[in-house]
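Per-entry structural report
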Amino acid sequence: MPKNSKVVKRELDDEVIESVKDLLSNEDSADDAFKKSELIVDVQEEKDIDVEEESEVEDERPAWNSKLQYILAQVGFSVGLGNVWRFPYLCQKNGGGAYLLPYLILLLVIGIPLFFLELSVGQRIRRGSIGVWNYISPKLGGIGFASCVVCFFVALYYNVIIGWSLFYFSQSFQQPLPWDQCPLVKNASHTFVEPECEKSSATTYYWYREALNISSSISESGGLNWKMTVCLLAAWVVVCLAMIKGIQSSGKIMYFSSLFPYVVLICFLIRALLLNGSIDGIRHMFTPKLEMMLEPKVWREAATQVFFALGLGFGGVIAFSSYNKRDNNCHFDAVLVSFINFFTSVLATLVVFAVLGFKANVINEKCIAENSKMIVKFLRMGNISQDIIPHHINLSAVTTEDYHLVYDIIQKVKEEEFPALHLNSCQIEDELNKAVQGTGLAFIAFTEAMTHFPASPFWSVMFFLMLVNLGLGSMFGTIEGIITPVVDTFKVRKEILTVICCLLAFCIGLIFVQRSGNYFVTMFDDYSATLPLLIVVILENIAVSFVYGIDKFMEDLKDMLGFAPNRYYYYMWKYISPLMLLSLLIASVVNMGLSPPGYNAWIEDKASEEFLSYPTWGMVVCILLMVLAMMQASFMERYPARCHLQILVKIFIENRVDHQLWILLPMDDMG
């Protein structure tokens, strides 16, 4: 040992002790020190240490194998089931092609700027959602905890939908498909069609009775549905195996799970365009109703769809971008992924309404055939005179145009008596106007359409495999939004945490595979994410623009990207986006207050849905789902103490201070 080494060590210990005393005596200084990732002892010396530590973190942190893998991961997370079964419904409901204009405007005003913001902070700070906001200010660490809780709630029921898709996928390897015809019931004397199926339809009956075996209300649990329990277990096993090594394992799967849905959608579109009626569906879909653009509800629903389509606030975007190199052009990524998401929604809408147009055409032909028989019957009975029917029309093989001509003639001639005839106009638009979304679209309307496809089992296998992949892509991002921030913050092993998280989620998720489970899925979908995520993203925007400082953030972006982002983002982040988000939050709260809390229950005797209000305990659960995420803000005040503890542990491990330094720690911080 050199001659004066003890003197040097004593001076170093005294210097560190003094700095730690200052740190613990002034929390504001500690907060500022943590934000800058340095202890204020000797500025030049500590800056050098920070550069070394930052370089070590960058070297140790996992990274994407390629830019393509990262883009596919972000696309897989943002493009989910909502693009297939929510966007087409909103487009039809809110003015057809006219809805695309509000959506595009709000994508530019809310979507891309906030998506760019989350990509930027994740890439710049290279931590999960908890660490990112704690870096900006330790008092904002609770934003990340809130994101994790919302991610967990969403993962609970989202994987149930993947389980449903797996069940239908497994049942699709049959000819004919099991939901093609109503089942027959035999008794001692004769055979008859199942009454519940006869009153509804084959696909509706299969969904509610064979798949879900649903109860009549949320209060009737009915026990576990073993088929769906097995499918839910399979879904969580797939997610766990894919995520257990982080992006090293899930990143490779992204090549298939993100690209396969596009192959299926394009195949479906080509096939559907070759079927009768598909053009009618597309024409109906995109015929603009410009007057609806003036309704505030249209803009609110478009803003909500933009918000959730990009996965804002979940933490998955931040987690994925934190594995990027610091000089990655995240602005290009934000614009690219946002527009891929938009065009995917448009492609899915084309496919959905091309298929529904074909289905409407099939149903319309049956309607015309049945009503033509009724007209022939009335002609024979003398209720309608043969003279009013044009001679060139053959009612035994009537075309759509000829039927409508005959219908109009009978309606004019038999003005007063016409209602008693019970004839149907058989307009294809009436069938297309029956708006369906969510599970009703995927598991009832679309499955019914596929039964009329040639080689229907093949298309059913492709469709439900596509739903599984769309769901898995979103699940990977959602689970990454939980795992990454927890691993970054508490330094636990990723493999163990992933297994525990998936096992816990499966156990809690058993409430969704009861016979009443579908009603709980509706409850969680309506109340667990909307308001908490809006508040999270508002706080994110405020944290960057006003706590960290928008000018400083723009300088960081210039340093990181190598060029200054357009000033457009400055004004969006500082003024427009916060106001738009606040308006959306208020509109969502008002809409939630005006909408009676309840769910659509399947009534077996009536073979139809009926709206029921939640019981008192159900209302309590709804409120708790919204409140629990926001309660995570309670972590904010105690988080700086943990930061002090981590700093002191690191100093102690590096032998930079004697054991007596620990007497400076308050007892509650040591706990």
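Here, the structure is the one placed above.
Residues numbered from 1 in each chain as written. Predicted model: local features only at pLDDT ≥ 70, side-chain atom pairs only at ≥ 80, totals over all residues. Heavy atoms only, no water.

Here we look at the pairing of strand β3 (residues 598-603)
Within β3, five of the six residues are buried, leaving the element largely enclosed by the surrounding structure. Where β3 hands over to strand β4 (residues 608-613), the hairpin turn is made up of four residues, of which Ala607 adopts a positive phi near 55°. (Buried < 20%, exposed > 50% of the residue type's maximum accessible area, 1.4 Å probe, protein only. Helix = DSSP H or I, 4+ residues; strand = E, 2+ residues; numbered from the N terminus. Pairing = 2+ DSSP bridges.)

Some points on the pattern of salt bridges
As enumerated under the stated definition, the model contains 13 salt bridges in all. A salt bridge links Lys93 to Glu301; the nearest nitrogen and oxygen atoms lie 3.0 Å apart. Taken together, the residues Lys93 in helix α6 (residues 87-93) and Glu301 in helix α15 (residues 296-309) connect sequence positions 208 residues apart. Between Asp280 and Arg283 there is a salt bridge whose closest N-O contact spans 3.0 Å. Placement of the pair is Asp280 and Arg283 together in helix α14 (residues 278-286), with a separation of three residues, close to one helical turn. Taking relative accessible area as the criterion, Asp280 reaches 27% and is therefore assigned partly exposed. Linked through salt bridges whose partners overlap, the residues forming this network are Lys93, Arg300 and Glu301. (Salt bridge = Lys/Arg side-chain N within 4 Å of Asp/Glu carboxyl O.)

Some thoughts on helix α4 (residues 67-78)
Under the 1.5 Å per step criterion, the end-to-end length of α4 is 17 Å for twelve residues, consistent within 8% with the ideal 16 Å. With ten of its twelve residues buried, α4 lies for the most part within the structure. (Expected span 1.5 Å × (residues − 1).)

Things to note about the state of the cysteines
Summed over all chains, the structure comprises two disulfides. Paired by a disulfide, Cys182 and Cys197 hold their sulfur atoms 1.9 Å apart. With the S-S bond torsion at -80°, the cross-link from Cys182 to Cys197 turns out left-handed. Here Cys182 is found in the loop between α9 (141-171) and β1 (184-186), whereas its partner Cys197 is found in helix α10 (residues 195-199), with 15 residues between them in sequence. The class of Cys182 is partly exposed, set by a relative accessible area of 25%. Cysteine pairing in the protein follows 1-2, 3-4, where each cysteine in a disulfide is numbered by its order in the sequence. Here Cys240 stays free of any disulfide, with the sulfur of Cys502 as its closest cysteine sulfur at 4.2 Å. (Disulfide = S-S within 2.5 Å.)

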